[in-house]
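Inside the fold
The lines below spell out each chain.
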Amino acid sequence: MEKPCVFPVLAALALCLLPFSSALPNGAPPSACVSMMPMHRGIVPQASRAPYTMKITKPYQAGQPVKVEILGPDYAGVLLQARIPPDTTAIGSWIDPPANTKNLLCSQNERGAITHANTNVKNNATTYTWMPPSSNCPKAVTFKATVAQSHDVYWLDVLSTPLPIDGTTLCKAVASGSSTIKKTTWTSGILLLLAGHLFLFLGCTY
């Protein structure tokens, strides 16, 4: 009896897995920051409603970390940002990336987004940590994600509900303090300049 040849089967399996493993397995590039569109040639996003929701701690406080979880089926790829719609600028910073993820440079911020570092499974136990700005805080932010189950299956515009700020006292105090310092410095500079001109004028007159 001839032994079954398994090589063609293994070769076919390898070819099937090749597109998935070669489709940016190390994370989204900075060029995807605005559109958040995976560069999967010939593959379009799913038209169906995403099977994912976001769980977030709310409301947020200036300078205090916010926990974000993407709930739903296991996934391999992700690109996650905080935004103020319709603006596409990534705000705040993502700190302490969980296993199998990493930071991504977006909006001139090295921690402006978070993406997958490999195609290992991410799931409901994967928790992301977002640090809001400590000054000029928006009244509310929305978390936006692209989530990929595989090379051929991904969803765009996975959105959280708007996350409001829990009071603006701290944020205003920081901004106000900075403004006061700037105004004081500017006023002091003008006074010193006038004093210098007066001194020169009196010296010349004398």
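See the structure printed just above.
Throughout what follows, the structure given in this document is the object of discussion.

About the thresholds
- Residues numbered from 1 in each chain as written.
- Predicted model: local features only at pLDDT ≥ 70, side-chain atom pairs only at ≥ 80, totals over all residues.
- Heavy atoms only, no water.
- Helix = DSSP H or I, 4+ residues; strand = E, 2+ residues; numbered from the N terminus.
- Buried < 20%, exposed > 50% of the residue type's maximum accessible area, 1.4 Å probe, protein only.
- Contact = heavy atoms within 4.5 Å.
- Pairing = 2+ DSSP bridges.
- Axes fitted to C-alpha atoms, helices over the stretch in contact; angles between N-to-C directions.

1. Overview of the overall build of the protein
Scanning the protein from N- to C-terminus turns up two helices and ten strands. Along the protein, helices and strands appear, N-terminal first, in the series α-β-β-β-β-β-β-β-β-β-β-α. The burial tally for the protein puts 32% of its 206 residues in the buried class. For the protein, contacts bridging at least 24 residues in sequence account for 65% of all contacts bridging at least 6.

2. A few points about the sheet that holds strand β2 (residues 66-71)
Sheet strands pair via backbone hydrogen bonds, and the direction of the pair is either parallel or antiparallel. Spatial ordering of the open sheet is given by β1-β2-β7-β4, a layout of four strands whose pairing is antiparallel. Of all the strands in the sheet, just β1 (53-56) and β4 (93-95) have a single pairing partner and so form its edges. Strand-to-strand twist across the sheet, computed as the mean angle between neighbouring axes with direction ignored, equals 35°. Sheet topology note: the β4/strand β7 (residues 127-131) ladder contains three bridges and is antiparallel.

3. Thoughts on the environment of T126
Mapping T126 onto the fold places it in the loop between β6 (109-116) and β7. The exposure class of T126 is buried, given its relative accessible area of 9%. Note: C-alpha distance between T126 and A99 (27 residues apart in sequence) is 7.9 Å. For T126, the residues in contact, after removing those within four places along its chain, are V68, E69, Y75 and P98.

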